[in-house]
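Reading the structure
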Amino acid sequence: MPIYPQPETSPSVMDNALPAPAGFDVPLPDGVNPEPAQPEPSVWDAAFRQNNLLAGMFRPTKQFEPADGYNPYSDKNEIQGYEQWATSFADARSPEETAWIKQQIDDENEDRKVLSEAGGEGVLASIAAGVVDPVTVASMFIPGAQGGLLARVGSQMAIGAAGTAISEVALNSQQFTRTAGESAAHITAGALFSGVFATAGSMISSGIRDAATRELGDALENSGINAALNRGMDSLPDGGSVGAMRIRQATLDDLTLDGGKAADTALKAGGYMTPISRVISSPSRSARITGLELAENNFALRGNKRGFETPVAAETRVLGWRREEAAVVVTNKQAYAKYKADGGDLNYTRFREEVGDAMRNGDVHGNASIQDAARALRQVVDRVKVAQQDLGLLPPDAELKALGQTSYFPRVYRVGKIVEERDKFRDILVNWWSRGAQAMSRDDAEIAADATINKIVGAKIPQDFENIFTVKVPGSSRQRTLNLPDNLMRDYLESDANYVLQRHIREASPDIELTKTFGNRNLESQLKAIHDEYDELMRARPQEQAKLAKARENDIRDITAMRDRLVGTYKMPDDPSSFFVRAGRAMRNVNFVSKLGGMTVSAIPDLARGVMVNGFKNTMRGYGSLISRSPAFTASKSEMKKMGIMVEAVLNSRSRLMADLVDSSTRTNAAEAGLDRVTDVFGKLTMMGQFNDINKAINGMVTADSILSGAASASRIAKLGISPATATRINAQFRKYGEVLDGWHIGNFDKWDDDYASGVFQSAVMKDTNNIIITPGVGDTPLWASSPIGRTVFQFRSFTTASYNRATIGGLSEGSAQFYYGTAFQIALGALTYALKQASNGREVDWSPQKLALEGIDRSGILGPLMEYNNMAEKATGGAFGLGSVFGTSTQSRYASRGFIGSVIGPTFGLMDTVTDVTAGVLNGDAGDRVLHNVRTILPGNNLFWIAPILNQVDPGMR
C-alpha cells in the first residue's frame, strides 16, 4: 500500500485531483492516509475473558528465550507503574516476557474498565459468562443430598460453590490482576445459581418424581428386549406392507418431491450425486416406490398432503436391531465388571472369548460370571435365530445340530489364519470326512476340503458360510455338510462374543428386513415390476425410447446398489484379504485417530438441526428438560434406549459411518483387530458418542411428544410413515398406557397391546431422529465411494452429501418456516465453530461478516458437496479462485491443515504425502519446525479437543 506524506497546509478539494496521465510511469499524488477505524470494545468478549475458563484455554501462552542473568526487580524502572502486581513478574526470565506480562495486565484492566462502564449490561454479561463456565455447568450434574427442601438446596449450593472455586483456581492462574474479592463474588454467584436450580427442582411434585423413577426394564442393562417390544419390532414389516399397499395407489405426482422450485433447484444442483435422490426423480412409479421402501430418507412428498404416508424403509428397521448390538456390548461389560470384582485375572478380550466358547458348549462354564453372560446373550442369539427361521433363512434347530455344536453359536471364520495355514486346516477337514461309516475316499475328501476352503476364503456374503453349508463331491450326487465339531477347528473360528454377535446381527438383520419387506432379499418381483413399467413407457412414448432405456439402467443400478449396501456386499473386493484392501482399511483407521479429535466441536451446528425441524420453542424446551433434570427427560431417555436410538456411546455407529470405517469384510490378523480396538477407544475419547446420544435423546423426545400429543401436522405425520388410521391407533394406545410428565407425552410403548401401532411409532421416531442428527444412509453417498479406493478418497465426506439430502433437500421439500430460521441458526453455530477451532489452534480469528458467513455455511453442511467443490478449487489455486477470493477473505479454515493432495484425493493420500515429507526431512538432516509439526499431525489423538490446546503450546508449527 503506498504511504502518502502529510502536507504541511490544509489541502483543498482540488489538491487531490489526478493530473492528466503522461504514460504508464505516472507518480501517485501526495495525499493523506485515512485513520483506520478503531473497533469498539466488546462487553461480552471482556466478560468471557474475565469469567470463563474457556477464554484462557484458547489463548496461547507465549514462549520466550531466557536472558542470562535477567532479574525484573534489579532495575526499579522495569516494573514502574505495575508495583501493585509485582509478584506477577517473579517468573519472568527476559525483558520480552516482562513486557508481555505488562501487556496482559493492561488488557485485563481494560476489560474491567469496559465492564464497569457498561453498567447493567456488564453485570449481565459477567453473570452469563460465569454461568456457562464448563466447571460450573459440570457441577450442576453432581447429585446433591436427599431429604427436605433445605437439605437439597443447601447441598446443591455447596456443590455449586465448590465447582466455582475450582474454576477460580484456574482463572487465578490465567489472570494476573484477579482479586480475592472477585473470586469470592464469583463463588457466591455459582452457589446461588446452583441453589436456584435446586429450588426449581423441588417444585416438582413427588408424584411425578415417583412416576419418573419407576422400573422401565431398560433394554440395554437387562441384555434383552421384553416380549412386547419384540412383537412391536416384528410388526414393522406388516406396517411396511400395509403402507406399501396404500402407496401403490399413489400417482407419479403423489410420489414427487414437494417444496416447489426451491426443492427442485436444490435437487438438480447436488442431488444427482446420490442414488436415493436420483431414484426419487425417476420417471418410473415402481422405482420411486421401491426406493422409498428400501432407503431411509427425509423427503416430503406431494402425496403426504393428500393422505399417502411414506412407507417405512427397510433400512430404518435394520437400524432398530442396533439395540441388540448394544445389549451384547453392555451385557459383557457388566459381566466382566462382576468377574473382576470376584478376583478374575483374564483381560477383557480373553473374557469375551471365554463367553463365546461357553455359548458353543451349552452356555456352561466353570466361572459363574462367564456362564451368566453366556446365558444372557443366548436371548439375543435366539431372537435373531427365530427371526431367520420364521422366514426360511436358517434351517430348523434339528438341522442346525449338524454343525457339531452343543449349542448354536454363529460361525465366523478367521479367514486370515485359514489362508496362512491352509494345508493344516485342509488336513483337519480331510481327516474328518475320511473316517466313519459314511466316509469319503481321501481323494474326494481332499477335493471337498479345497472347495470348502475356497468358499470360506472367497465368500462375499458371510451369511452363506457362517451358519451351515454343503459341498458337492465332483462326479457324484453326494453332498457333505461342514459338521465338524467346533472344538476340532477352534483355532480357526472367532470366539470373541462381542465381535461374533455384533457382526452376526449386522449381517443377519438386512436379510431379515429385506425378506419381510420385499418377499426376498434380492427384490426380484420389484425389479421385474420396474422393467415391465419401462416397457410400457417405451411403447407409449416411442420417441423417448433411448432416454427411457438409460433411465431404466440407472434405476436398476441405483436400487440394486442400495440393496447391496444394506447387506454390506456392494463393491466388496474380490479378495478382501489382499494387502492393498487391508492397507486401505488400516489407513482409514489411522486417519480417524489422527484427524478427527475435534469432531465433537465440529458437530456444534448439529444443535440447530432440531430447530430446523421442530422449531426453536420446542427444541429449546427439550434442552431445558435436560438442564432442569426433568423426570420426563429421564423417562424419555429410557424410551429412546429401547428403540435403539440412544446407543451411540456404546456403538459409536454414527462416528464410524461418518469416518467411512464400516466394513463387513473379515478382520484378518491380530494387528488389525488391535487397530479396531484403538479406533473404538479413540471414538470414546472424542466424546462424540455422548454428544450424539444426548442430542438424539432430546430430539427423539420432541418428535415423540409431537406425535403422541397430536401437535404434528397431518403431512408431517404422513412423511414419518404414519397414516391417519394408524395415528388413531397410536393415540388410543397412548391414552391407555401413556402418561404426561412435566407437560411431555411419554408413550410407554413397551406396554402397548397393539403391536402394529407400536412398531410404526418406533420407526417414525427413529427415522426423524436419524434425519435431525444426520446419520448417512445407504442412499446418501455416491456409488463410487463404496469401492476400496472410493472409500479412501471419499473419507470424511459422507456427511456432506448426507446433509445435503436430509437437511437441505428434505427441509426445502417440507418448506416450513422453522427450516429457514433454523438454517440461519445453523450457519451462526458454524461460524462459532470456526472461531473456536481457530482460537484452540492459536490462529487469528477473522471477525469480518463475510468470513463468518462463509465459514458458517461451510461448517453447517447446508450446501453439502457444493462447498466441497469450492474448497478444493481454493486449495488447488492457492485461494485465487473460489468464494474466498470473491468476498475478499482467505480460504476456508476447514481445509487449512490439508495439503493440495489431501484436499482433492482424500486424507490417506495426504497422510502419505506428510509421511514422505517427514522421512525426507529426517534423512536430509532437516528436522525443522515444519517436520516436527508434521510428526505431530500423524500422532493418534493429537487433535483431541481437550488435548490439542496443550500440544499447541509446544508445536512449532502453531506459533
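In this convention, every chain numbers its residues from 1, walking through the sequence in written order. Only residues with pLDDT of at least 70 get local features here, since the model is predicted, and only at 80 or more are side-chain atom pairs given and counted; chain-wide, interface and lining totals rely on the full set of residues. Think of the side-chain values as coming from all heavy atoms in the structure, minus any hydrogens and water.

Overview of the overall build of the chain
The numbering of helices and of strands both runs from the N terminus, where a helix is a DSSP run of H or I of at least 4 residues and a strand a run of E of at least 2. Looking only at helices and strands, one finds 46 helices and four strands in the chain. Any pair of residues with heavy atoms lying within 4.5 Å of one another is described as a contacting pair. Of the contacts formed within the chain by residues at least 6 apart in sequence, a portion of 75% connects residues at least 24 apart. Split by element, the accessible area of the chain, about 42,000 Å² in all, is 59% carbon and sulfur. Where accessible areas are quoted, they stem from the Shrake-Rupley method and a 1.4 Å probe; at the residue level, only the protein chains shown are allowed to cover.

Notes on empty space enclosed by the protein
Both site types are read off a 1 Å grid over the protein atoms alone. A 1.4 Å probe that fits but cannot get out defines a cavity, while an open set with protein on both sides within 12 Å along at least five of seven lines defines a pocket; lining residues have an atom within 4 Å of a point. Grid points are joined across faces, edges and corners, and a volume is the space filled by probe spheres set on the points. Considering all chains together, one arrives at eight cavities of 30 Å³ or more under this definition. Here the second largest cavity defines a volume of roughly 90 Å³. Along its surface, the second largest cavity is lined by 14 residues, and N298, M612, V613, G811 and E814 are the ones closest to its centre. Contributions of two or more residues to the lining of the second largest cavity are made by α27 (609–614), α34 (714–719) and α38 (798–814).

Some details on the UniProt feature "coiled-coil region" (unreviewed entry) in the chain
UniProt positions are given in the numbering used here, feature names are shortened, and annotations may be inferred rather than shown by experiment. The residues that UniProt annotates with the feature "coiled-coil region" (unreviewed entry) are residues 520–554. Segment residues 520–554 splits into 77% helix and 0% strand. End C-alpha atoms: 22 Å apart.

As for helix α19 (residues 422–433)
In a regular helix each residue adds 1.5 Å, so twelve residues correspond to 16 Å; α19 covers 17 Å between its end C-alpha atoms and thus fits that length. Each residue is assigned to one of three classes by its accessible area relative to the maximum for its type, calculated with a 1.4 Å probe on protein chains only: buried under 20%, partly exposed between the two thresholds, exposed over 50%. Regarding α19, the residues found buried are F425, R426, L429, V430 and W433. Buried positions in α19, seen along its axis, are confined to an arc of 135° and lie on one side of it. Away from its buried face by more than 90 degrees, α19 exposes D423 and K424. In this scheme, a helix's expected span is set at 1.5 Å multiplied by one less than its residue total. Note that the arc is computed from the directions linking the helix axis to the C-beta atoms.

As for the packing of helix α28 (residues 616–627) against helix α33 (residues 688–709)
Structural elements are reduced to axes, namely lines fitted to C-alpha atoms, with helices fitted over the stretch in contact, and the angle between N-to-C directions of any two is expressed from 0 to 180 degrees. Here α28 crosses α33 at 125°, and the two axes come no closer than 9 Å. In terms of their interaxial angle, α28 and α33 are classed as oblique. Taken as a pair, α28 and α33 cross one another with a handedness that is right-handed. For the pair α28 and α33, the contacting residues are N618, R621, G622, Y623, S625 and L626 in the first and I694, N695, I698, N699, M701, V702 and D705 in the second. Put simply, Ala, Val, Leu, Ile, Met, Phe, Trp, Tyr, Cys and Pro go in the nonpolar bin, Asp, Glu, Lys and Arg in the charged bin, and everything else, Gly too, in the polar bin. When grouped by side-chain class, the residues that make up the contact of α28 with α33 number six nonpolar, five polar and two charged. Roughly parallel refers to an angle under 35 degrees, roughly antiparallel to one over 145, roughly perpendicular to one between 65 and 115, and oblique to any angle outside these ranges. Crossing handedness follows the turn of the near helix against the far one: under a right angle anticlockwise gives a left-handed crossing, and clockwise gives a right-handed one.

Side note on helix α23 (residues 524–540)
When the terminal C-alpha atoms of α23 are compared, their 25 Å separation across 17 residues agrees well with the 24 Å that a helix rising 1.5 Å per residue should span. Within α23, burial applies to Q526, L527, I530, E533, Y534, L537 and M538. Viewed along the axis of α23, the buried residues span an arc of 140°, placing them on a single side of the element. For α23, the exposed residues set more than 90 degrees away from the buried face come down to E524, K528, E536, R539 and A540.

Details of the nonpolar core
A general tendency of soluble globular proteins is for nonpolar side chains to be buried together. To qualify as a nonpolar core, a set must consist of buried Ala, Val, Leu, Ile, Met, Phe, Trp, Tyr and Cys residues joined through side-chain atoms within 4.5 Å. The biggest cluster of nonpolar side chains holds 42 residues, and the ones touching the most others in it are L294, L514, I559 and M562. Where this core is concerned, the elements lending two or more residues are α10 (260–270), α11 (275–279), α12 (285–294), α13 (314–320), α22 (497–518), α23, α24 (545–567) and α38. Here this core gets seven residues from one element, more than from any other, and that element is α24. If near-sequence neighbours (up to four positions away) are discounted, I559 is found in contact with V279, A287, T290, L294, L523, L527 and I530. In terms of nonpolar packing, the next biggest core, distinct from the first, is built from 35 residues, M640, A697, L741 and F761 among them.

Points about the side chain of T908
Structurally, T908 is set in helix α44 (residues 907–923). The exposure class of T908 is buried, given its relative accessible area of 4%. The contact partners of T908, leaving out residues within four places of it in the chain, are M587, R588, N591, T792 and Q795.

A word on unusual backbone geometry
Despite not being glycine, K571 shows a phi value in the positive range, around 55°. Although it is not a glycine, M687 sits at a positive phi angle of roughly 65°. When you line up the elements, M687 lands in the loop between α32 (670–685) and α33. Look at M687 and you get partly exposed, because its relative accessible area is 43%.

Observations regarding the environment of I289
In this fold, I289 is placed in helix α12. For I289, a relative accessible area of 4% translates into the label buried. In this structure the C-alpha to C-alpha distance between I289 and L255, which are 34 residues apart in sequence, comes to 7.8 Å. Sequence-distant contacts of I289, defined by excluding residues within four places in its chain, comprise I247, R248 and L255.

Digging into a nonpolar patch on the surface
Here a patch means residues that are over 30% exposed by relative accessible area and free of salt bridges, tied together within 9 Å if like-charged and within 5 Å if nonpolar (Val, Leu, Ile, Met, Phe, Trp, Tyr). By salt bridge we mean one thing: a side-chain nitrogen of Lys or Arg within 4 Å of a carboxyl oxygen of Asp or Glu. On the surface, F616, M620 and Y821 cluster together to form a nonpolar patch covering roughly 280 Å² of accessible area. Residue position: Y821 is located in helix α39 (residues 817–840). Accessibility expressed as a relative area gives 40% for Y821, which makes it partly exposed.

Describing the packing of aromatic side chains
Stacked, tilted and edge-to-face are the three classes applied to pairs of Phe, Tyr and Trp rings, where Trp contributes its six-membered ring and a pair requires centres within 6.5 Å; stacked means planes under 30 degrees apart, edge-to-face means over 60, and tilted covers the rest. Counted under the stated rule, the structure contains eleven aromatic pairs. With 6.0 Å between their ring centres and 25° between their planes, Y336 and Y339 make a pair best called stacked. A residue pair is termed a helical-turn pair when its members lie 3 or 4 positions apart in one helix, as Y336 and Y339 do in helix α14 (residues 322–341) at three residues. Considered together, Y336 and Y339 belong to a single accessibility category, that of buried residues. With a centroid separation of 5.2 Å and 45° between ring planes, the pair formed by Y339 and F351 is classed as tilted. Taken together, the residues span a long stretch of sequence, with Y339 in helix α14 and F351 in helix α15 (residues 348–360) at a distance of twelve residues. On the basis of relative accessibility, which here comes to 6%, the residue Y339 falls in the buried class. Note on F351: relative accessible area 0%, which makes it buried. Through a chain of ring-to-ring contacts, the aromatic side chains of Y336, Y339, Y348 and F351 assemble into a single cluster. One residue, R352, lies across the ring of Y348, its end atom 4.5 Å from the ring centre. To sit over a ring, a charge needs its Lys NZ or Arg CZ within 6 Å of the ring centre and within 35 degrees of the ring normal.

Section: a negative patch on the surface
Charge convention: Lys and Arg are scored as positive, Asp and Glu as negative, and His as well as the terminal groups of each chain are ignored. Charge placement uses NZ in Lys and CZ in Arg. For Asp and Glu, CG and CD serve respectively. Judged by side-chain charge, D106, D107, E110 and E117 come together as a negatively charged surface patch. By the secondary structure assignment, E117 is in helix α3 (residues 95–118).

Thoughts on the pattern of salt bridges
One pass over the full model with this rule turns up 48 salt bridges. In this structure, D750 engages K642 in a salt bridge whose closest nitrogen and oxygen atoms are separated by 2.9 Å. Here K642 lies in helix α29 (residues 631–643) and D750 lies in the loop between β4 (744–746) and α36 (755–772), a separation of 108 residues in the sequence. Taken individually, D750 and K642 each receive the classification buried, so the pair is uniform in this respect. For the salt bridge of K719 with E814, the shortest nitrogen-to-oxygen distance reads 2.7 Å. You can see K719 sitting in helix α34 and its partner E814 sitting in helix α38, a full 95 residues away along the chain.

Let's talk about the environment of T452
Relative to the helices and strands, T452 resides in helix α20 (residues 442–458). Sequence separation between T452 and L429 is 23 residues, and the spatial gap between their C-alpha atoms is 8.8 Å.

Description of the confidence of the model for the chain
Here the chain averages 79 in pLDDT, and 75% of its residues register 70 or above. The predictor rates its confidence in each residue with pLDDT, a number between 0 and 100. Predicted confidence for residues 472–478 stays below pLDDT 50, and this span has eleven contacts to residues more than four positions away or in other chains.

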